[in-house]
Amino acid sequence: MVTRLRSAAALLGLGTFALAAVWPLQAHALFGDDEARKAILELRQKVDANQQATNAANEEARETSAATRRSLIELSNQIEQLRAELARLRGQNEQLAREVSELQRLQKDVQAGVDERLRKVEPLRIEHDGQSFAAAPNEKRDFDAAMDLLRKSEFGPATSAYNAFLQRYPASGYRPSVLYWLGNAQYASRAYKESVESHRRLVTEFPTHLRTPEAMLAMANSQIELKDTKGSRRTLEDLVKAHPTSEAAAAGRERLARLR
């Protein structure tokens, strides 16, 4: 009996020992699983948080990209608008440049027309036969035209031109020269009486003119052609007396000697 009790006690002690030995291992395994689960949960939470952060970042990136694309499109539209506006302004500038050029051309044409009209009416300063005077452009033109006829030996037309000039410009500074050349044209046409009258008007109206001595000599020649020897001698004497140092007076002395 005692042996049985001892055997039972021994078995009970052995079982208790075995349970005591096994219990820490089971407790350790139990606590290890909790920590692992906790670590896994924490890891999952971190992964989820990272995933959410990634998704949020991706969404923000998509929104930023979309906003950037919208900004680029808007900027591109603005650039196109600016290009169109620049092209419009360039076209306006080119049009304005053409209009300014046309206005400048018209202004030049108008100014040229005004200058031309002024030239036609503005007096000219003339130096002729030792005289200085003002003459209208038409006046000079008509005198030059009459002189051109005389140079061509067209004495009849020249006579008409000189007479017309005296009627058109009675107070012209060309008047003494016109009277002189009119008398010469008449002499060349053998209109001696008219020649004497033209030269006499010069001598009477302009006694100190450069052409007066020559006119007196020419008048004496016309008087000789008219057989007016007495009148020719008197004209030559007046010439020598009034203009003794002139070349015409020297020629007049020779003719006086022949007439005597």
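Visitor: Tell me about the overall build of the chain, residues and numbers included.
Guide: Within the chain one finds eight helices and two strands. Ordered by position from the N terminus, the helices and strands of the chain form the series α-β-β-α-α-α-α-α-α-α. For the chain, the residues scored as buried account for 24% of the 260 residues in total. Sequence-distant contacts, at least 24 apart, represent 42% of the contacts inside the chain between residues at least 6 apart.

Visitor: Please provide a residue-by-residue account of the nonpolar core, values included.
Guide: If you look at the biggest cluster of nonpolar residues, it comprises 30 residues, and the most contacted ones within it are Phe143, Tyr162, Phe165, Tyr174, Val178, Leu236 and Leu239. Looking at this core, the elements with two or more residues in it are β2 (131-135), α2 (137-151), α3 (155-168), α4 (175-188), α5 (192-205), α6 (212-225), α7 (229-242) and α8 (247-259). With five residues, the top contributor of residues to this core is α4. Apart from the residues within four sequence positions on either side, Leu236 is in contact with Leu217, Ala220, Gly252, Arg255, Leu256 and Leu259.

Visitor: How would you sum up the packing of α4 against α5? Please name residues and give values.
Guide: Packed helices, taken two at a time, are described by the angle between their axes plus the distance between the axes. Look at α4 against α5: their axes get within 8 Å of each other, and the N-to-C directions meet at 160°. Taken together, the axes of α4 and α5 are roughly antiparallel relative to one another. α5 is crossed by α4, and the crossing has left-handed handedness. Contacts between α4 and α5 involve Arg175, Pro176, Leu179, Tyr180, Leu182, Gly183, Asn184, Gln186 and Tyr187 on the former and, on the latter, Tyr192, Glu194, Ser195, Ser198, His199, Arg201, Leu202 and Glu205.

Visitor: Any details on the side chain of His209? Residues and values, ideally.
Guide: Counting through the fold element by element, His209 comes out in the loop between α5 and α6. Residue class for His209 comes out buried when judged on its relative accessible area of 6%. Sequence-distant contacts of His209, that is, excluding residues within four places in its chain, are made with Asp129, Gln131, Pro176 and Ser177.

Visitor: Requested: an account of the side chain of Glu139, with residues and values cited.
Guide: Note on placement: Glu139 falls in helix α2. Buried within the structure, Glu139 lacks any salt-bridge partner; Arg168 is the closest side chain of opposite charge, at an N-O distance of 10 Å. For Glu139, the side chain forms a polar contact with the side chain of Ser172, separated by 2.3 Å. What Glu139 contacts, discounting residues up to four positions off in sequence, is Phe165, Tyr169, Ser172, Gly173 and Tyr174.

Visitor: So what about unusual backbone geometry? Which residues, and what values?
Guide: For Ser153, which is not glycine, the phi dihedral falls at a positive 65°. When you line up the elements, Ser153 lands in the loop between α2 and α3. At Arg190, a position not held by glycine, the phi torsion is positive, near 65°. With respect to the helices, strands and loops of the structure, Arg190 is situated in the loop between α4 and α5.

Visitor: Before we move on, could you go through the packing of aromatic side chains and cite the residues and values that matter?
Guide: The final tally for this structure, using the stated rule, is seven aromatic pairs. With centroids separated by 5.0 Å and ring planes inclined at 80°, the aromatic side chains of Phe133 and Tyr174 adopt a geometry described as edge-to-face. Linking Phe133 in strand β2 with Tyr174 in the loop between α3 and α4, this pair joins segments that are 41 residues apart in sequence. Look at Tyr180 and Trp181: their rings are 4.9 Å apart centre to centre, the planes differ by 75°, and that puts the pair in the edge-to-face class. Grouped by ring-pair contacts, the aromatic residues Phe133, Phe143, Phe165, Tyr169 and Tyr174 constitute a single cluster.

Visitor: So what about the pairing of strand β1 (residues 124-128)? Which residues, and what values?
Guide: Summarising the sheet, β1 and β2 pair through five bridges and their orientation is antiparallel. Paired with Glu127 across the two strands is Ser132, which belongs to β2. Hairpin remark: β1 followed by β2, antiparallel, with two residues in the connecting loop; positive phi at Asp129, about 50°.

Visitor: Describe α4, listing the residues and the values that go with them.
Guide: With 14 residues, α4 should cover 20 Å at 1.5 Å per step; its first-to-last C-alpha distance of 20 Å lies within 8% of that length. Across the 14 residues that make up α4, a large majority, ten, are buried. For α4, the complete set of buried residues consists of Arg175, Pro176, Ser177, Val178, Leu179, Tyr180, Leu182, Gly183, Ala185 and Gln186. Turning to α4, the residues buried within the fold contact β1, α2, α3, α5 and α6. Positive phi shows up at Arg190, right after α4, with a value of about 65°.

Criteria and thresholds
Residues numbered from 1 in each chain as written. Predicted model: local features only at pLDDT ≥ 70, side-chain atom pairs only at ≥ 80, totals over all residues. Heavy atoms only, no water. Helix = DSSP H or I, 4+ residues; strand = E, 2+ residues; numbered from the N terminus. Buried < 20%, exposed > 50% of the residue type's maximum accessible area, 1.4 Å probe, protein only. Contact = heavy atoms within 4.5 Å. Core = buried A, V, L, I, M, F, W, Y, C linked by side-chain atoms within 4.5 Å. Axes fitted to C-alpha atoms, helices over the stretch in contact; angles between N-to-C directions. Parallel < 35°, antiparallel > 145°, perpendicular 65-115°, else oblique. Left-handed = near helix turned anticlockwise from the far one by under 90°. Lys, Arg positive; Asp, Glu negative; His and termini not counted. Salt bridge = Lys/Arg side-chain N within 4 Å of Asp/Glu carboxyl O. Polar contact = N/O pair within 3.5 Å; in protein donor to acceptor, adjacent residues only side chain to side chain. Phe/Tyr/Trp six-rings, centres within 6.5 Å; stacked < 30°, edge-to-face > 60°. Pairing = 2+ DSSP bridges. Expected span 1.5 Å × (residues − 1).

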